[in-house]
Amino acid sequence: MVQKFKKIIVIGIDGMDFYLTQRLLLQGHLPNFLRLMKNGSFHMLESSIPPYSYVAWAAIAAGANPGSTGIFDVISRDAKTYKIYSDIEKSKFTVPYKPKPFWAITSEHNVPTTVIRWPGIYPPEKVSGKMLCGLGVPDMRGFHAGYTFYSEESEEFPSKAPNRVICVVRKGNQINTDIIGPSEIDNGAIIDIKARMVIAINSKISISVDGKDYLVHQEEWSDFIKVSFSVDASIVTGIFKAYVIDTDPFKMYITAIHIDPESPSMPISYPDKYSIELAKKIGFFHTMGFPEEADGFTDNRLSEKSFLEQIYQIENERKKIFFKEFHEFENNETGLLAFVFDSSDRLQHIFWEKGENNNKIAEYYMKKDDFLGRLLDKIDANTLLLIVSDHGFTFAEKRVSLNTWLRDSGYLATNGNSIKDIDWSRTKAYSVGLFGIYINLEGREKRGIVKDNDKDKLIDEIISGLKTLRDPENNGKPVYEVYRKEEIYSGRNTILAPDMVVGFSNGYQHAPESAMGGAGGPLFDKGITWRGTHLTDRVFVPGVLFSNIKFKNNVCQNDIAPTILDSFGIPVPESMEGKSLLK
């Protein structure tokens, strides 16, 4: 095969919405994206079913549908135990029967390959270059979020388990307290490992950790603070940032404890030394897959100002990393650079509004336009540029509890509010995950009661019931479509998929309690914290594809990986279902 481009840059912008992008282009707010569109392409990119980040980024990387990648949701169940687990824990392309992502194939063909923060890849994979993991990397406690709030006042505990509130006592001008680190087992009990922190409040505020003093300022994020913990007779280090909200009474917020990139306690990059070299080059950086303190903001611990400041601190780190890698890429004869920005997703979850959008989101898009302008001035005709998003965004007003509907419709029997309370001897169907419904199938589920020859009729009944469901408040139709897994998925892993995947209508999304198997809440409720959502049917949340060359209109997510391989003259494997857009 003929090599069409010597170099390829793939830039992912998580959640970049087609309709908002189109509106900002027409309003003249994105001049560099407009320049790219006029000289190349701008297309609507239909998302995966369901339109969820882990699912979509896996499809983009592998050029295949979820039935092939085996990633269907962020939450799944083990049919033999009914245990619920997070797909973050297993979202790796290294399982043998899953198709190879494009970077594995370019590496096999000795193309210099750098992959930075592609969602769902953890631990890092071996490539013919460098990889830094993103969404999926936990903090030092093993969580994917988790702040600590220190206060002299009595404070309510937040609802989310990883987050902590610690009441502190000031003696003179000093507060002695602890930083909560990783856990260990001691005589069969799980205990938190702690590190001492001393806060001095005088004309200036200082934080002392491990014998080092850090000067901090009220209502400003501190620099990264390094902390060490003694774990199993070894010393491990982490980093965090602090935000002093007030000094009288004292209130301070600290982020989750990130893995120290200079001395990682868990692998976050390939090769291992890459994160160390990167930190030496640009300084400490956020290593968690989900570093944005969204819980802190929605729990009213952080102000809008402090949350936005953190978003752009993270963005500036990412830009430093990108241009550091781009400089090396620029000087190579050939190579692949794939880089994903994902603070865009969290920003839109928090600030998306119904109708005309929040100017905070527009400002983010315009900053990305500035970034693009800087890049466009540096790439040449031998470089293919692809800018892609996994999904778009819409507005959510209500949550729908699928398990409550299943219970009220006689398909699920329960004695309480959690999956542990379900009476499996009388349950025909249950929901787990943000989109899925499973049949309690005999021979597959541990205590399945539905016979295989009754399954299709039952699925028909459930689909018919959900599609005729109406919101009593406005007669709205909360369910846009319900998909049978055989209709939308193909491949060896289709057997693992939910039997039905629900596509919610605009304005609705699944209730989180129901997603974890519970059926105690109301059928409809308005308790939505994140108004921006993509937990709907994919028709409402298309993503984008920009390129510096012309493409035909008919493009899909599965086409990205084959296009990358074809550009390098690498044969496209049969596992990739998409087509090269260069054909």
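Residues numbered from 1 in each chain as written. Predicted model: local features only at pLDDT ≥ 70, side-chain atom pairs only at ≥ 80, totals over all residues. Heavy atoms only, no water.

Undergrad: Any chance you could break down the side chain of Ser 431 for me, citing the residues and the numbers?
TA: Of note, Ser 431 is situated in strand β23 (residues 429-431). Residue Ser 431 is classed as buried on the basis of its relative accessible area, which comes to 0%. Of the polar contacts made by the side chain of Ser 431, one reaches the backbone oxygen of Gly 436; its length is 2.8 Å. A distance of 3.2 Å separates polar atoms of two side chains, one belonging to Ser 431 and the other to His 510. Ignoring anything within four residues of it in the chain, the contact list for Ser 431 reads Leu 402, Asn 403, Leu 406, Gly 436, Ile 437, His 510, Ser 514 and Gly 517. (Helix = DSSP H or I, 4+ residues; strand = E, 2+ residues; numbered from the N terminus. Buried < 20%, exposed > 50% of the residue type's maximum accessible area, 1.4 Å probe, protein only. Polar contact = N/O pair within 3.5 Å; in protein donor to acceptor, adjacent residues only side chain to side chain. Contact = heavy atoms within 4.5 Å.)

Undergrad: Can you lay out the environment of Ile 207 for me, pointing to particular residues and giving the numbers?
TA: Position of Ile 207 among the secondary structure elements: in strand β12 (residues 205-209). The buried category is assigned to Ile 207, whose relative accessible area is 0%. Taking the C-alpha atoms as reference points, Ile 207 and Val 236, 29 residues apart in sequence, are found 20 Å from one another.

Undergrad: Provide a residue-level description of the packing of helix α9 (residues 343-351) against helix α10 (residues 359-376), including the pertinent values.
TA: The geometry of α9 relative to α10 is characterised by a closest axis approach of 9 Å and an angle of 160° between their N-to-C directions. The pairing of α9 with α10 is recorded here as roughly antiparallel in orientation. For the pair α9 and α10, the sense of crossing is left-handed. Of α10, the residues touching α9 (which contributes Ser 344, Leu 347, Gln 348 and Phe 351) are Lys 360, Ile 361, Tyr 364 and Tyr 365. In terms of residue class, the contact of α9 with α10 is built from 5 nonpolar, 2 polar and 1 charged. (Axes fitted to C-alpha atoms, helices over the stretch in contact; angles between N-to-C directions. Parallel < 35°, antiparallel > 145°, perpendicular 65-115°, else oblique. Left-handed = near helix turned anticlockwise from the far one by under 90°. Nonpolar A, V, L, I, M, F, W, Y, C, P; charged D, E, K, R; others polar.)

Undergrad: Let's hear about the confidence of the model for the protein chain: which residues, and what values?
TA: Mean pLDDT over the protein chain: 94, with 97% of residues reaching 70 or higher. Overall, residues 90-97 carries pLDDT values under 50, and its contacts beyond four positions in sequence, including any with other chains, amount to 25 contacts. (pLDDT = per-residue confidence, 0-100.)

Undergrad: Outline the pattern of salt bridges, listing residues and values.
TA: Pairing of side chains with opposite charge becomes possible as their charged atoms draw close. By the definition in use, this model includes 39 salt bridges. A salt bridge links Glu 445 to Arg 77, with the nearest nitrogen and oxygen atoms 2.8 Å apart. Placement of Glu 445 in the loop between β24 (436-439) and α12 (452-467) and of Arg 77 in strand β3 (residues 75-78) is noted, with a sequence separation of 368 residues between them. Residue classification places Arg 77 among the buried residues on the basis of a relative accessible area of 10%. A salt bridge links Glu 309 to Lys 305; the nearest nitrogen and oxygen atoms lie 3.0 Å apart. Of this pair, Glu 309 and Lys 305 both sit in helix α8 (residues 304-331), separated by 4 residues, roughly a single helical turn. With a relative accessible area of 42%, Lys 305 lands in the partly exposed category. The network of salt bridges with common partners includes Arg 117, Glu 292, Arg 318, Asp 342, Asp 345 and Arg 346. (Salt bridge = Lys/Arg side-chain N within 4 Å of Asp/Glu carboxyl O.)

Undergrad: Outline the pairing of strand β2 (residues 41-45), supporting the account with residue identities and numerical values.
TA: Extensive coverage of β2 is indicated by the burial of 4 of its 5 residues. Where β2 meets strand β30 (residues 543-547), 5 bridges bridge the pair, whose relative direction is antiparallel. By the bridge assignment, Ser 41 is partnered in β30 with Ser 547. (Pairing = 2+ DSSP bridges.)

Undergrad: Explain the packing of helix α1 (residues 18-26) against α10 to me, using residue names and the numbers behind them.
TA: α10 packs onto α1 with a crossing angle of 75° between their chain directions and a minimal axis gap of 11 Å. Considering the angle they form, α1 stands roughly perpendicular to α10. Here Leu 20, Thr 21 and Leu 24 of α1 lie close against α10, whose contacting residues are Ile 361, Ala 362 and Tyr 365. Its residues assigned to classes, the contact of α1 with α10 comprises 5 nonpolar, 1 polar and no charged.

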